[in-house]
Amino acid sequence: MLLNPNMRKTGIGRLETIPVWSRYFGSWCFSISRRPFAANELEGHYDKASDRWHTTISKLGFEAAYADLIDQAQPELSKTDPDARLKVLDAGIGTGAFAVAFASRCLRPIDLTGLDVSSEMLRQAKNNLNSFATNATFYKGDINDLPFADHTFDVVLVAHVIEHMAEPEVALAELSRVLKPGGFLVACITQRSSAGAYIQLKWRTHRVDEYTATGWFHRSGLSSVRAIKLKDGSTAQRFSTGYVAVKTPEFASEVL
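Conventions and cut-offs
- Residues numbered from 1 in each chain as written.
- Predicted model: local features only at pLDDT ≥ 70, side-chain atom pairs only at ≥ 80, totals over all residues.
- Heavy atoms only, no water.
- pLDDT = per-residue confidence, 0-100.
- Helix = DSSP H or I, 4+ residues; strand = E, 2+ residues; numbered from the N terminus.
- Contact = heavy atoms within 4.5 Å.
- Buried < 20%, exposed > 50% of the residue type's maximum accessible area, 1.4 Å probe, protein only.
- Polar contact = N/O pair within 3.5 Å; in protein donor to acceptor, adjacent residues only side chain to side chain.
- Core = buried A, V, L, I, M, F, W, Y, C linked by side-chain atoms within 4.5 Å.
- Salt bridge = Lys/Arg side-chain N within 4 Å of Asp/Glu carboxyl O.

A.B. asks: Tell me about the confidence of the model for the chain, and please be specific about residues and values.
C.D. replies: In the predicted model, the chain carries a mean pLDDT of 81, and the fraction of residues at 70 or more is 78%. Summarising per-element confidence for the chain, the mean pLDDT is lowest in helix α7 (residues 194–203) (58) and highest in strand β6 (residues 153–159) (97). Every residue in residues 1–15 is under pLDDT 50, and counting partners more than four places away or in other chains gives 61 contacts.

This is the structure:
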């Protein structure tokens, strides 16, 4: 679930755009790009989609794929303090599917914070997380301007959010800022594929290969990046790739 894209204007007054297509012909470069959805547009689209969203992602196999991704992130989870409650942020929580997967696969108590641009998605997330023994709080807000102090969370979850940003590294730098040094981020990002092309056209997203995503993470203060294939045989595997990255200690007080 996505949040408000960075709508910062450039020096000539244009809104930042998301690239769609480009080709070189000799010395000529032809390209097409689109402006991202504005915050009020996103909120409206996701408020309308909220009632059927959870059913749709379940049919596509994302619930099982998210659980499998969390299982594969256990090496990073094992490095956190085993005696402390985990402070977890789900940035772009949507209907809560990724947070539910984390809560169900993590054997330790967690304090969950969910943030989203859509009030209706937040309502669905609250309902879906009621059955889990999780201390949860919810905020309506923007991923590019998080209302949390530096070094607050042990874990950040972010599913299908980064690729919606006109400047993904700005959003990732903000997520890195609120992570504790040595904390880790688990992401799910729409990949470059025929299925990804459909998502790009519908939701105005980047289509991202592993090289591009890894570069975004590294330039945002995250290291030890691992690309993880989603659960074998799931439709979700055609749409997205999972990633796990650790906050680099030397970036602990640095924000792009």
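A.B. asks: Outline the side chain of Thr-95, listing residues and values.
C.D. replies: Along the chain, the position of Thr-95 falls in the loop between β3 (86–91) and α4 (97–105). The class for Thr-95 is buried, based on a relative accessible area of 2%. Here the side chain of Thr-95 touches His-54 through a polar contact of 2.8 Å, side chain to side chain. With near-sequence residues (within four places) excluded, Thr-95 lies in contact with Ser-50, Trp-53, His-54, Ile-57, Met-121, Gln-124, Ala-125 and Asn-128.

A.B. asks: Tell me what's going on with helix α8 (residues 210–219), and back it up with residues and numbers.
C.D. replies: Within the sequence span of α8, burial applies to Ala-213, Gly-215, Trp-216 and Phe-217. Just past α8, the residue Gly-221 takes up positive phi, approximately 90°.

A.B. asks: Explain the side chain of Glu-76 to me, and be specific about the residues and the numbers.
C.D. replies: Within the secondary structure, Glu-76 is located in helix α3 (residues 74–77). Excluding residues that lie within four positions of it along the chain, Glu-76 makes contacts with Phe-184, Arg-226, Val-244 and Val-246.

A.B. asks: Can you lay out α4 for me, pointing to particular residues and giving the numbers?
C.D. replies: Of all the nine residues making up α4, seven are buried; the element is thus mostly covered by neighbouring parts of the structure. All of the buried residues along α4 are Ala-97, Phe-98, Ala-99, Val-100, Ala-101, Phe-102 and Ala-103.

A.B. asks: Kindly report on the nonpolar core, identifying the contributing residues and their values.
C.D. replies: What tends to happen in soluble globular proteins is that the nonpolar side chains get buried as a cluster. The biggest cluster of nonpolar side chains holds 37 residues, and the ones touching the most others in it are Phe-102 and Val-186. Top contributing element to this core by residue count: α4, with seven residues. Beyond its immediate sequence surroundings of up to four residues, Val-186 is in contact with Leu-69, Ile-70, Ala-73, Phe-98, Val-156, Leu-157, Val-158, Tyr-243 and Val-244. One finds Met-165, Leu-175, Ile-189 and Phe-217 within the second-largest nonpolar core, a separate group that totals 28 residues.

A.B. asks: Describe the pattern of salt bridges, and please don't skip the residues or the numbers.
C.D. replies: Under the definition given, this model contains eight salt bridges. Between Arg-123 and Glu-120 there is a salt bridge whose closest N-O contact spans 2.8 Å. Here the residue Arg-123 and the residue Glu-120 both occupy positions in helix α5 (residues 119–129), the gap between them amounting to three residues, near one helical turn. For Arg-123, a relative accessible area of 36% translates into the label partly exposed. Between Arg-219 and Glu-169 there is a salt bridge, with the nearest N and O atoms lying 2.9 Å from each other. Note that Arg-219 is positioned in helix α8 and Glu-169 in helix α6 (residues 168–178), a separation of 50 residues in sequence. Residues joined by salt bridges that share partners form a network here, namely Asp-150, Glu-174 and Arg-177.

A.B. asks: If you had to explain unusual backbone geometry to someone new, which residues and values would you point to?
C.D. replies: In this structure, His-151 takes a positive phi of about 60° despite not being glycine. Along the chain, His-151 turns up in the loop between β5 (135–140) and β6. Assessed through its relative accessible area of 29%, His-151 is described here as partly exposed. Unlike most non-glycine residues, Ser-224 shows phi in positive territory, near 50°. With respect to the helices and strands, the residue Ser-224 is situated in strand β8 (residues 222–229).

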